[in-house]
Amino acid sequence: MAAIDLRRVRAVTAALGPFDWAWARDNRARIEAHWARRRADRPAMFNGRVMLAHAMGERDGVCHAALFETDYATLTAFRDLGFPDPGILNVFAAVAPRSRDGAYLLGRMNGHTANAGQVYFACGTPDPEDVRSGGRVDLGASALRELHEETGLVPPETEDGWTIVREGGHLAFLRPVQFAEDADTLLARARAHLAAEAVPELADVVAVRGPGEIDPARMPLYAQAFLRDAFAADGRA
């Protein structure tokens, strides 16, 4: 099991810049062959532009990530092959929605997606849509967009504070946000959103109401770590 580094910070920043990724350059044929195999299994997968991190640091409660652009085929091969370059991280941001009655809402990925059946917070790898002037990458906007696109939920004004979980090659920026509604109300709203979509990215939205409902078989380790830490902070270890 990969070591997990979990910490809380008050803010996160990210910037896009040039980076020569030797592993991707040296393994282009392998990446293309891997993508062809994945596409054969799931033809709906799209090879768009995404970002990875080549450096991360923290100072005075602010975490900063240095990002570069690549394509989804390269990210998929890199992840499926076990993150063979330890200097590169699969970075993504997500809202961690918390209901009024203390449940966290996560999505179960649909069958046509790369991570079919897995359960984690609605998220996505940063892409060119998240880039602002000066190369700044708005991770907060990325997290909000993914939550709304995948679940239809719009949180109240976002709160300060992030939880960062680094697990193997994954670097998750998770922003806990408290909703005013209870879990059943939020689930009904999210499921109505899924039912109205032609090809939803999520098969379902599920509520995790305590540590006993954490599913090691379906949830990535970073999601499990976040939930255990959050429930422990609530006195529900």
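Everything here concerns the structure above.
Residues numbered from 1 in each chain as written. Predicted model: local features only at pLDDT ≥ 70, side-chain atom pairs only at ≥ 80, totals over all residues. Heavy atoms only, no water.

1. Observations regarding the overall build of the protein chain
Per the secondary structure count, the protein chain includes 6 helices and 11 strands. In summary, the protein chain has a C-alpha radius of gyration of 17 Å against a globular reference of 18 Å for 237 residues, a match within 12%. Across its three principal axes, the protein chain shows a C-alpha extent of roughly 50 × 45 × 40 Å. Relative to its full complement of 237 residues, the protein chain shows a buried share of 50%. Taking the contacts inside the protein chain whose residues are at least 6 apart along the sequence as the reference set, 68% of them involve residues at least 24 apart. Here the protein chain displays about 10700 Å² of accessible surface, and carbon together with sulfur accounts for 50% of that area. (Helix = DSSP H or I, 4+ residues; strand = E, 2+ residues; numbered from the N terminus. Rg over C-alpha atoms; globule rule 2.2 N^0.38 Å. Buried < 20%, exposed > 50% of the residue type's maximum accessible area, 1.4 Å probe, protein only. Contact = heavy atoms within 4.5 Å. Areas by Shrake-Rupley, 256 points an atom, 1.4 Å probe, with all protein chains shown as cover.)

2. So, the sheet that holds strand E3 (residues 49–59)
Pairing between the strands of a sheet comes from backbone hydrogen bonds, and it takes one of two forms, parallel or antiparallel. The 3 strands lie next to each other as E2-E4-E3, forming an open sheet whose pairing is mixed. Each end of this open sheet is capped by a strand with a single partner; those strands are strand E2 (11–16) and E3. When strand polarity is set aside, the average angle formed by the axes of neighbouring strands in this sheet is 25 degrees. Pairing between E2 and strand E4 (residues 62–71): 6 bridges, direction parallel. Bridge pairing in E4 places Ala11 opposite Val62. Packed onto the sheet, helix H3 (residues 72–80) meets E3 and E4 and runs at close to 110 degrees relative to E4. (Pairing = 2+ DSSP bridges. Axes fitted to C-alpha atoms, helices over the stretch in contact; angles between N-to-C directions.)

3. Here's the deal with the nonpolar core
Core analysis: the largest hydrophobic core is formed by 57 residues, its most contacted members being Tyr104, Phe121, Phe173, Phe226 and Leu227. For this core, the leading source of residues is helix H6 (residues 221–233), giving 7 residues. If you look at the next biggest cluster of nonpolar residues, it comprises 17 residues, including Ala24, Leu75, Phe78 and Ile88. (Core = buried A, V, L, I, M, F, W, Y, C linked by side-chain atoms within 4.5 Å.)

4. A few points about the packing of helix H2 (residues 28–41) against H3
Direction vectors running N to C along H2 and H3 enclose 90 degrees, while the axes themselves pass 9 Å from each other. Overall, the two elements H2 and H3 adopt an arrangement that is roughly perpendicular. Contacts between H2 and H3 pair Arg28, Ile31, His34, Trp35 and Arg38 from the former with Tyr72, Ala73, Thr74, Thr76, Ala77, Arg79 and Asp80 from the latter. In the contact of H2 with H3, the residues fall into 5 nonpolar, 3 polar and 4 charged. (Parallel < 35°, antiparallel > 145°, perpendicular 65-115°, else oblique. Nonpolar A, V, L, I, M, F, W, Y, C, P; charged D, E, K, R; others polar.)

5. Re the state of the cysteines
A complete count under the given rule lists 0 disulfides for this structure. Cys63 takes part in no disulfide bond, and the closest cysteine sulfur to it belongs to Cys123, at a distance of 17 Å. Judged by its relative accessible area of 1%, Cys63 is buried. (Disulfide = S-S within 2.5 Å.)

6. Describing the pattern of salt bridges
Summed over the entire model, instances satisfying the criterion amount to 22 salt bridges. Its salt-bridge partner being Arg98, residue Asp234 comes within 3.0 Å of it at the nearest N-O pair. In this pair, Asp234 is assigned in the segment after H6 and Arg98 in strand E5 (residues 90–98), connecting sequence segments 136 residues apart. In this structure, the salt-bridge partner of Arg189 is Glu181, at a minimum N-O distance of 3.3 Å. Relative accessible area serves as the criterion here: at 24%, Glu181 is assigned to the partly exposed category. Connected through salt bridges with shared partners, the residues Asp127, Asp130, Arg145, Glu146 and Glu149 form a single ionic network. (Salt bridge = Lys/Arg side-chain N within 4 Å of Asp/Glu carboxyl O.)

7. A word on the packing of aromatic side chains
Inspection of the entire model under this criterion finds 12 aromatic pairs. Ring centres of Tyr104 and Phe231 lie 5.7 Å apart, and the angle between their planes is 75 degrees; this geometry places the pair in the edge-to-face category. On the criterion of sequence distance, the pair formed by Tyr104 in strand E6 (residues 104–109) and Phe231 in helix H6 is long-range, its members being 127 residues apart. The pair Tyr104 / Phe231 is uniform in exposure class, with both members buried. Grouping aromatic residues by their ring pairs yields a cluster made of Phe19, Trp21, Trp23, Phe68, Phe78 and Phe83. (Phe/Tyr/Trp six-rings, centres within 6.5 Å; stacked < 30°, edge-to-face > 60°.)

What is shown is where atoms sit, not what they do.
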